[in-house]
Amino acid sequence: MSTPAEVPAGLPAAPEFTEPLSEWHRLHVRMLIVRPLNEGLAMLVPILVLLFTGNGEKWRLIASGATVAAILAFSYLIWRTTKYRITDDQVELHTGLLTRKQLAVPRDRIRTVDLTSKPGHRVFGLSAVRIGTGQQDIPGTDGLTLDAVTQEEAERLRVLLLQKAVAPKTASPGEPHAEVAVPESEVISKLDLKWLKFAPLSLSGLVAIGAVFGVLSNYADDLGLHPVQDLWEWLFEHPSFTLLGAFVIALVVLGLVLSVPLYILQFWNYQLTREPDGTLRVQRGLLTTRSVSVEEQRLRGVDIQEPLLVRAGKGAKAVAVTTGLGSKGESNLLLPPAPLSVAHQVSRDVLKVADDPTTRKLRKHPFAALRRSLFRHVVPWVVIAIGLAVWAPSWAWPIPVAIIPFAALVGWDNYRSLGNALDDRYLVTRNNSLVRSTVALQRTGIIGWRIRRSFFQRRSGLMTIGATTAAGAGVYHVTDVGESDGLALADEAVPDLLRPFLVRDDG
């Protein structure tokens, strides 16, 4: 065990470490201000409701004051009872007053380090450090979080925890100190303001409207108001296609207006770099800044995702398939919505290949896959239309009938999107229409196969082959492929893994 080391202030952003921080450390004392500030923003609406509703009862003022006092007290207890240290073998975090929690993450299991600074953090120069082990991509269920330390300390911890190489040798006594050239980060991609044209196509504005509407509806329900239910009942009793059309148009326009500032909030100062310590680092954010670092040796592939409207604008986003991050959320994001050519360039640079495997010509799936795709997309709307025609007012059933042609187009496009390919290093598979996903997965990262044949697939001579891996979504599917083609693909991709279970037809 190494001796305890004092941590001097004012270290550079990317120092070299020779010893672990084996002493116990507390979170920064400024968190006593930052945590109430962040928690207070979340509690602002209920506090205002308590203060400004009713007839000015004293209990509302007392309840508001008690809420603020509870937040302050809770923050102090967290700070007072939380400590952490980094030894040669693991990162330890002790927290809790009545219920003590002792978390430990082995250093050789660390896959990612995520630095996040909310507006309250940034005002006071702090950052939250989330250490992930790659088991899940859900905060609080994987690894541990240090909230909060100074931004300089967060950067030092990022370098230390992802540092695998031995520290450089120091000069011998009596020898002159040699100048050591510090390698610079390699910039792979950075934000181009021309990418803002993809913001309206991503429908992020509509998602934000839905989220705000849901929050406001919850608070309205708490006050005894039911605006959603009342509006739905009124429209049901007084159907008006003109009013419904105006509402949809207004919603779309508002979504388009909000999408650009939301894109800026999420991806301002975006930059993807390859760090000297062998990690890929994505930095982005305007008000809340975020920096996610992933070891390159954990990378198992790249997923080029093309939402329908973004694809219509010849755009896409790139997502990492890595053992350090799951498939949900935006922790695995390599590139925000941008031109498709940029997505392929990022894929090439990240995978270190001359040609992006996701641009390979894919083998088409059998015609029977088209029948299945049309059936899955059209039949549900036909059933809904019949049900509404029988049990609902006469104005209801034309709505799903009008959707059926669009559903058929989506089903046809879904079939066009299906495809697979194989090269010396990667299995490539493409699926879906609304969000077309083209995944290049390292063949060495495939640890098993899942073969599924439903009743209707068996009648059509089709199957779905799933390549299981310890990275990303955990399984990536080759959907509705011919039985012989699918089995041959799996056997060729990982020789000898599936072969013992195959029965060859010599005839």
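Per-chain numbering applies: the sequence of each chain, read as written, is numbered from 1 onward. pLDDT decides what is reported in this predicted model: residues at 70 or higher carry local features, side-chain atom pairs at 80 or more are listed and counted, and totals for whole chains, interfaces and linings draw on all residues regardless. Computation of side-chain values: all heavy atoms of the structure, hydrogens and water removed.

A word on the packing of aromatic side chains. We call Phe, Tyr and Trp rings a pair once their centres come within 6.5 Å, taking the six-membered ring for Trp, and we label the pair stacked below 30 degrees between planes, edge-to-face above 60, and tilted otherwise. What the rule picks out here adds up to five aromatic pairs. Aromatic side chains Trp195 and Tyr270 sit 6.1 Å apart centroid to centroid with 55 degrees between the ring planes, which places their arrangement in the tilted category. Taken together, the positions of Trp195 in the loop between strand 8 (186-190) and helix 5 (204-222) and Tyr270 in the loop between helix 7 (241-267) and strand 9 (271-274) put the pair 75 residues apart, joining distant regions of the chain. Relative accessibility decides the category of a residue: with a 1.4 Å probe and only protein chains considered, values under 20% of the type maximum give buried, values over 50% give exposed, and everything between is partly exposed. A relative accessible area of 4% places Trp195 in the buried class. With a centroid separation of 6.2 Å and an interplanar angle of 35 degrees, the aromatic rings of Phe375 and Phe456 are classed as tilted. Placement of Phe375 in helix 10 (residues 367-391) and of Phe456 in helix 12 (residues 455-460) is noted, with a sequence separation of 81 residues between them. The partly exposed category is assigned to Phe375, whose relative accessible area is 48%. Runs of E in the DSSP output that reach at least two residues are strands. Runs of H or I that reach at least four are helices, and both are numbered from the N terminus.

On to the sheet that holds strand 2 (residues 83-86). By this definition, two strands are paired if DSSP reports at least two bridges between them. Strand order in the open sheet formed by four strands is 1-2-3-4, with antiparallel pairing between adjacent strands. What marks the edges here is a single partner per strand, and that holds for strand 1 (25-26) and strand 4 (101-106). Two strands pair when backbone bridges link them, and strand 2 and strand 3 (residues 90-95) are joined in this way by four bridges, in the antiparallel orientation. Looking across to strand 3, one finds that Lys83 is bridged to His94.

Here the focus is the sheet that holds strand 14 (residues 333-339). Spatial strand order, 14-13-12-17-16-15: six strands in an open sheet with antiparallel pairing. Looking at the sheet topology across the chains shown, the edges are occupied by strand 14 and strand 15 (419-422). Recorded for the sheet is a direction-independent mean angle of 15 degrees between the axes of neighbouring strands. Pairing of strand 13 (residues 315-322) with strand 14, which is carried by four bridges, proceeds in the antiparallel orientation. From the neighbouring strand, Ala318 faces strand 14, where its bridge partner is Leu335. All axes here are fitted lines through C-alpha atoms, helices being fitted over the stretch that makes contact, and every angle between N-to-C directions spans 0 to 180 degrees.

With that out of the way, let us pick up the nonpolar core. With 30 residues, the main nonpolar core has Trp195, Leu272, Leu334, Leu335, Val346 and Val350 as its most contacted residues. Those elements giving two or more residues to this core turn out to be helix 7, strand 10 (279-284), strand 12 (299-307), strand 13, strand 14, helix 9 (340-351) and strand 16 (426-431). Looking at this core element by element, the count peaks at five residues for helix 9. For this analysis, residues touch if any pair of their heavy atoms sits within 4.5 Å. Residues contacting Leu272, with those up to four places away along its chain left out, are Glu186, Val187, Ile188, Ser189, Arg281, Val282, Leu334, Val346 and Val350. Counting 22 residues, the second-largest nonpolar core is a separate cluster that includes Trp79, Tyr84, Leu146 and Leu160. Throughout this description, the term nonpolar core refers to a set of buried Ala, Val, Leu, Ile, Met, Phe, Trp, Tyr and Cys residues connected via side-chain atoms within 4.5 Å.

Our focus in this paragraph is helix 4 (residues 151-162). Helix span is expected to be 1.5 Å times the residue number reduced by one. With twelve residues, helix 4 extends 17 Å from end C-alpha to end C-alpha; this agrees with the ideal 16 Å at 1.5 Å per step. Of all twelve residues in helix 4, ten are buried, a share of seventy percent or more.

To continue, consider the pairing of strand 17 (residues 435-442). Of all eight residues making up strand 17, seven are buried, and the element is well covered by its neighbours. Strand direction decides the pairing type here: strand 12 and strand 17, joined by seven bridges, are antiparallel. Counterpart to Gln305 in the pairing with strand 17 is Ser437. The turn joining strand 16 and strand 17, which pair antiparallel and follow one another in sequence, is formed by three residues; a positive phi near 75 degrees is taken by Asn432.

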